[in-house]
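Okay, here's what each chain looks like letter by letter:
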Amino acid sequence: MRRGERRGTAATLGKAALEEQPPPQPNGGANSSDAAGERTPPPGAERDGPGLRRSTESEVYDDGTNTFFWRAHTLTVLFILTCALGYVTLLEETPQDTAYNTKRGIVASILVFLCFGVTQAKDGPFSRPHPAYWRFWLCVSVVYELFLIFILFQTVQDGRQFMKYIDPHLGVPLPERDYGGNCLIYDPGNETDPFHNIWDKLDGFVPAHFFGWYLKTLMIRDWWMCMIISVMFEFLEYSLEHQLPNFSECWWDHWIMDVILCNGLGIYCGMKTLSWLSLKTYKWQGLWNIPTYKGKMKRIVFQFTPYSWVKFEWKPASSLRRWLAVCGIIFVFLLAELNTFYLKFVLWMPPEHYLVLLRLVFFVNVGGVAMREIYDFMDDPKFHKKLGQQAWLVAAITATEFLIVVKYDPYTLTLSLPFYITQCWILGIILVLTWTAWRFFIRDITLRYKEIRRQKQEHKYEKDKCLSNGDGHASMLEEQNGNKLRERKL
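Since the structure is predicted, the reported quantities are computational estimates derived from the model, not experimental observations.

Thresholds applied
- Along each chain, residue indices are assigned from 1 in the same order as the chain's sequence is written.
- Per-residue local features of the predicted model are confined to residues with pLDDT of at least 70, and side-chain atom pairs are confined, for both listing and counting, to 80 or more; whole-chain, interface and lining totals are unaffected and use all residues.
- Processing note: side-chain calculations cover all non-hydrogen atoms of the structure and skip hydrogens and water entirely.
- Where helices and strands are cited, they refer to DSSP runs of H or I of at least four residues and of E of at least two residues respectively, numbered from the N terminus.
- Working definition: with a 1.4 Å probe on protein chains only, accessible area under 20% of the residue-type maximum means buried, over 50% means exposed, and in between means partly exposed.
- Two residues form a contact once any of their heavy atoms are found within 4.5 Å.
- Per-residue and other accessible areas follow the Shrake-Rupley method at a 1.4 Å probe size, with only the shown protein chains counted as cover for residues.
- For this analysis, a nonpolar core means a set of buried residues of the types Ala, Val, Leu, Ile, Met, Phe, Trp, Tyr and Cys, connected via side-chain atoms within 4.5 Å.
- Like-charged residues within 9 Å of one another, or nonpolar side chains (Val, Leu, Ile, Met, Phe, Trp, Tyr) within 5 Å, are grouped into patches, provided each residue has over 30% relative accessible area and no salt bridge.
- Criterion for a salt bridge: a side-chain nitrogen of Lys or Arg within 4 Å of a carboxyl oxygen of Asp or Glu.
- Note on definitions: angles span 0 to 180 degrees between N-to-C directions of axes, and those axes are lines fitted to C-alpha atoms, for helices only across the stretch in contact.
- Oblique is the label for any angle not covered by the other classes, which are roughly parallel (under 35 degrees), roughly antiparallel (over 145) and roughly perpendicular (65 to 115).
- Each crossing gets its handedness from the near helix: less than a right angle anticlockwise from the far helix is left-handed, clockwise is right-handed.
- Residue polarity follows a fixed list, in which Ala, Val, Leu, Ile, Met, Phe, Trp, Tyr, Cys and Pro are nonpolar, Asp, Glu, Lys and Arg are charged, and the others, Gly among them, are polar.
- A pair of aromatic rings is counted whenever rings of Phe, Tyr or Trp (Trp by its six-membered ring) have centres within 6.5 Å, and the orientation is called stacked for planes under 30 degrees apart, edge-to-face for over 60 and tilted otherwise.
- A ring is scored as having a charge over it whenever the NZ atom of a lysine or the CZ atom of an arginine sits within 6 Å of its centre and within 35 degrees of its normal.
- Expected span of a helix: the number of residues minus one, times 1.5 Å.
- The angle between axes fitted to the seven-residue stretch ending at a residue and the seven-residue stretch beginning at it gives the bend at that residue.
- Here pLDDT means the predictor's own confidence in every residue, given as a number from 0 to 100.

If you tally the helices and strands in the protein chain, you get 17 helices and 2 strands. When burial is assessed residue by residue, the protein chain has 41% of its 490 residues classed as buried. Considering only intrachain contacts with a sequence separation of at least 6, the fraction spanning at least 24 residues in the protein chain is 73%. Accessible surface computed for the protein chain: about 28300 Å², of which carbon and sulfur atoms make up 67%.

Okay, here's the thing in structure tokens:
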């Protein structure tokens, strides 16, 4: 069945696939030769029935054009891979360098696994710019998790020295650096430049903060959650500055430059982008069906935008399950942020090292998919019966990174918090637990009690009215029986 036939009904009824639902392809699944995998119908079609979709989903119209671009090319990739391996085996002389051969063998093994995963792995919720792109990052997640497991099973010294195989400059202790310093906004002692403290903070990390929070907003798609994570991380920096020196910052660096300017502006721009994406018309045509060159160029640019859109409505106060899920998301998010700093510290990696940047690029690509899979699992657990594969891997990676930090430097992690910091965290935890108990237990019990009491008063009034009017005893018994049935239901 052709893709246009599969999408015909959906386009006629205005049926929207979930955001980035991969376009179905002909000729079976990804296992077929030189054909992309046949995708499942839009989840809304099976979940809601004909003509219905979730209110947060956008409408999508697709002419169903199937091109060479969307095919998986499984046989082509297999042929090229076999030729490359044959060339190395038959025509290339193997160097007599054990370390070099070991590195090359590991890299070749990873590349073969990536080729297999890109052509054969299960598709996720995103399809633009191409489903193979997201399958690639899924396979990278598996490789990264296996690398972390390997590092976890080494001794501390061996693990740090192993990093020399990746970069010979690694594996040496980091120099001591002063991060706090003079916190005066206006320094009268420096007549040349009294505002030198501010200019010293305006480095490459300022646009990195802004761009990072812009992308995080596109992942989370909720202003309140983004602000809570942003403010909570600043509190964590305050609390843990006795463990890591680079958490020691000036107060205006925490709250003005970070929370208000960099993070706040990034969140604001992210929310504006989300508003545009939610209002955008998702109408897709094949490139060769567009008559004008301007239209073709516009279609190529829009290939790097979502296929459709879903507005996230987390609703943390709607149920205990969603409240605990949102708290868990915030916790994992903050833990992943902390792992960035602690991993650099325990593995002796300078902040400007390219591996630190690659890790951030990795989380940018896998974080959006993971958040979407988590939201689908929360929003419709009857249809999405298990947590998505990318979300599972991100959670496993975050936990493994933390375990590496615990193993490699338990002394730093066990440095006791200052007493006033401990008091603040205990107070915060008590407030959160109190609100949880009131919102999901005490409040519900109180509301049920008030409802039962109100119904009893109403039926008592009806009983007195019946007696005063001389109505029969049967009607009074019917009211009493109805009252008992309603009490049982409550």
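Attention shifts here to the nonpolar core. Among soluble globular proteins, nonpolar side chains are generally buried collectively. Formed by 50 residues in total, the largest nonpolar core has its most connected members in I220, F247 and W314. Looking at this core, the element that brings in the most residues is helix α12 (residues 320-346), giving 10 residues. For I220, the contacting residues outside a window of four places in its chain are M225, C226, I229, F312, W314, F333 and M371. V60, L274, L277 and Y282 belong to the second-largest nonpolar core, a separate cluster that totals 7 residues.

What follows deals with a nonpolar patch on the surface. Judged by side-chain polarity, I185, Y186, F195, W199, L202, W251, I256, I260 and L261 come together as a nonpolar surface patch covering roughly 910 Å² of accessible area. Considering every element that reaches the nonpolar patch, the biggest residue donor is helix α10 (residues 251-279), with 4 residues. Y186 sits in the partly exposed class, given a relative accessible area of 48%.

For any two helices packed against each other, the geometry is given by the interaxial angle and the distance between the axes. For the pair helix α8 (residues 205-220) and helix α9 (residues 223-240), the least separation of the axes is 9 Å and the interaxial angle reads 135°. By the angle class used here, α8 and α9 are oblique. The interaxial crossing formed by α8 with α9 has right-handed handedness. Between α8, through W213, K216, T217 and I220, and α9, the contact on the second element is made entirely by M225, C226, I229 and S230. Taken together, the residues that form the contact of α8 with α9 break down as 5 nonpolar, 2 polar and 1 charged.

Okay, unusual backbone geometry next. The phi torsion of most residues other than glycine is negative, and most of the peptide bonds are trans. The omega torsion across R128 and P129 is 5°, close enough to zero to call that bond cis. Here P129 shows up in the loop between α4 (98-120) and α5 (131-152). The phi angle at R221 is positive, at roughly 60°, despite the residue not being glycine.

Enumeration according to the criterion identifies 25 aromatic pairs in this entry. Geometrically, the ring pair formed by W223 and W224 is edge-to-face, given 5.0 Å between the ring centres and 85° between the ring planes. Judged by relative accessible area, which is 39%, W223 ranks as partly exposed. The exposure class of W224 is exposed, given its relative accessible area of 60%. Taken together, the aromatic side chains of F126, Y133, W134, F136, W137, Y144, F362 and F363 make up a single cluster linked through ring pairs. Note that K216 overlies the ring of W213, its terminal NZ or CZ placed 4.5 Å from the centroid. The side chain of R221 reaches across the aromatic face of W309, ending 4.0 Å from its centre.

Along the chain, the position of F147 falls in helix α5. Leave out the neighbours within four places in its chain, and F147 touches F162, M163 and I166.

Right, let's talk about α10 for a bit. The end-to-end C-alpha distance of α10 is 39 Å, a good match for the 42 Å that 29 residues give at a rise of 1.5 Å each. The principal kink in α10, of about 40°, is found at D258.

Take the packing of α9 against α10 next. Packing of α9 against α10 leaves a shortest axis separation of 11 Å and a crossing angle of 160°. Comparing their axes, α10 and α9 come out roughly antiparallel. When the axes of α9 and α10 are compared, the crossing they make is right-handed. Judged by residue contacts, W223, C226, M227, S230, V231, E234, F235, E237 and Y238 of α9 engage W251, H254, W255, D258, V259, N263, I267 and M271 from α10. Taken together, the residues of the contact of α9 with α10 sort by class into 11 nonpolar, 3 polar and 3 charged.

Glancing now at the environment of I185. Tracing the sequence through the fold places I185 in the loop between α6 (156-162) and α7 (196-201). In this structure, the C-alpha to C-alpha distance between I185 and N197, residues 12 residues apart in sequence, is 6.3 Å.

Mean pLDDT over the protein chain stands at 81; residues scoring 70 or higher make up 82%. Note that residues 1-52 has pLDDT below 50 and, in this model, 147 contacts with residues that lie over four places away or in other chains.

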